[in-house]
Structures are given as C-alpha cells and as structure tokens.
Amino acid sequence: MATLLDPHAHGRVILVGAGPGDPGLLTVRAVEAMRIADIVVHDGLIDPCVLDLAPASAQRISVGKQRARHTLPQEAINALIVAHVKTGAIVIRLKGGDPFIFGRGGEEVEAVRAAGLRVEVIPGVSAALGCAAEAMLPLTHRDHSSAVSFVAGQCKGLADQDWSGLAGQGRTLVIYMGVATASDIADKLMADGVAPDMPVAVLERGTQAGSRAMKTLLADLGPMVTREEVGSPAVIVVGEVVELSDAVDKLARWARIAEETAA
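Please read these numbers as outputs of a predicted model, since none were measured by experiment.

Engineer: Provide a residue-level description of the pattern of salt bridges, including the pertinent values.
Structural biologist: On inspection of all chains with the given rule, the structure shows eight salt bridges. Between D43 and R93 there is a salt bridge; the shortest N-O distance is 3.1 Å. Taken together, the residues D43 in the loop between strand 2 (39-42) and helix 2 (48-51) and R93 in strand 6 (residues 90-95) connect sequence positions 50 residues apart. Judged by its relative accessible area of 22%, D43 is partly exposed. Measuring nitrogen to oxygen at the nearest pair gives 2.6 Å for the salt bridge that ties E204 to R212. Considered together, E204 and R212 belong to a single accessibility category, that of buried residues. Three or more residues are tied together by salt bridges with common partners; here these are D43, R93, K95 and E108.

Engineer: Which residues make up the environment of A180, and what values go with them?
Structural biologist: When you line up the elements, A180 lands in the loop between strand 9 (170-176) and helix 6 (182-191). Taking relative accessible area as the criterion, A180 reaches 54% and is therefore assigned exposed.

Engineer: Just give me the short version of the side chain of S126, but keep the residues and values in it.
Structural biologist: Counting through the fold element by element, S126 comes out in the loop between strand 7 (118-122) and helix 5 (127-134). When residues no more than four places from it in sequence are discounted, the contact partners of S126 are P20, G97, D98, I101 and Y176.

Reading guide: rules and limits
Residues numbered from 1 in each chain as written. Predicted model: local features only at pLDDT ≥ 70, side-chain atom pairs only at ≥ 80, totals over all residues. Heavy atoms only, no water. Salt bridge = Lys/Arg side-chain N within 4 Å of Asp/Glu carboxyl O. Helix = DSSP H or I, 4+ residues; strand = E, 2+ residues; numbered from the N terminus. Buried < 20%, exposed > 50% of the residue type's maximum accessible area, 1.4 Å probe, protein only. Contact = heavy atoms within 4.5 Å.

Here is the structure:
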C-alpha cells in the first residue's frame, strides 16, 4: 500500500518531527515530506533552514506557543489543519522534537481521524535525546541507570503528580518544560525521597546556536536556574548519569568564562 508520501495522494496530513533544533538532525523521510508540502503548520522554534525545505509556493503558518501566551489554542490548531486538508492540500504539521513526546501529536492525530482524513507520523529526534547526545550524557548506562522516565514540568497540578520512584539510584529522570518551575520541581523530588546531592544537568538550547550544559546538585537546581538566567527551551536531567558527562562540566566552565570575559 502506498504511503502518504505518494505524490499522487492529496488531501492528507503528515506530522513531522523536526528534532531538537539542528536541521542536520532531521530524518531523510522528514526532508522528503517537507519537499511536497502545500501548507506547513509549524511550531514557533523551528529553524528557518527547516522551513526553507518546503517549496517556495507552500504557505507557512506559525502556531507557536510560549509559556502563558498561546498563539492558538490546541482546538483551533486542530480545526486549522482539518480545514486545509479538506481543500485537498498536503499539510505538513511540523513539530519540534518528536510529535508524540509532549508534542500533542496524539491529539492532532485523533482530530484528523475524527474528520475522516488520512494522517501519517514521521518521528523526530526528541529534545531529551538530542540535548543529551550533544552533552555526551548517556540517559541509560549499564553501571548507573537501567531506566529513564520523561515528565512535563509545567503540567497542571504539579504538586499532585506522583513522581515517586522516577528518580534516584539507578534511574534517570528527564524533565521537559521545567525551567519556570525548577525550584518547585527540586522541592517535590526531595520530598519524594531523592537525595539533595543528586546530580542534575540543565541542557539549554541543545543542538542549537548558544547551547549551554550546566551541572549542579538537586538542592541547588532552582537557584542555579536563576543565577545562570536559564531560558527555554531547556531540559533537566536528574540522575547519577550526569556525572559521566565531561562535556557538561566543560560547557559549564566555558559559560562561566564567557560571562566573566563579557563583564
């Protein structure tokens, strides 16, 4: 059966994972999809070089979200995609990272299917995997961590979420969208029994220009985020594997040297 990348198949959606930022991390299949786009509905942090892969005639629509400021609610994005597909267009829904890891890709697939339309998903390198690889930080390691979990740090009811058992000895926890709530996250994890001296890495703008990787201890997570003026996008890694990354230490030193030189 032909896939949705068949140039003769019109009126469908292709959800494409754009990866953590570096255009070089797109999959071959993602590039192929971009080249046949009629409409590109994209997140706000997509590299312009990725958008340039679409034909010049393709319409580009930004639906980027930022904390406390949504360009469009998710229901409106769903309706926008469906409306364009119904015209017979090939709609590329371009999402940072991977569409199915905190990308609301599942909601968009449901909306397209509910409208009786065709949809395909092309996975992307998730932010956690891309940022960790750049920092030479293994999320699992035979001697240090046999499990890794992903959570969202700005979900509703953070205090009510049960994270017990997700971080600690032999386990790695990766927190997306946790910069603004870093102090609350640290308090929550310590209340759940994670040691205050558990190593933590903050990977800011991973794989992109100006990326930084900083290491501290869990008890200092909130103060460090404030002290270093960490901004989004960033992921937080909690676990013993953080100690394995010389790159984190090196990049942190470079960040401090750059700040001292600028001052």
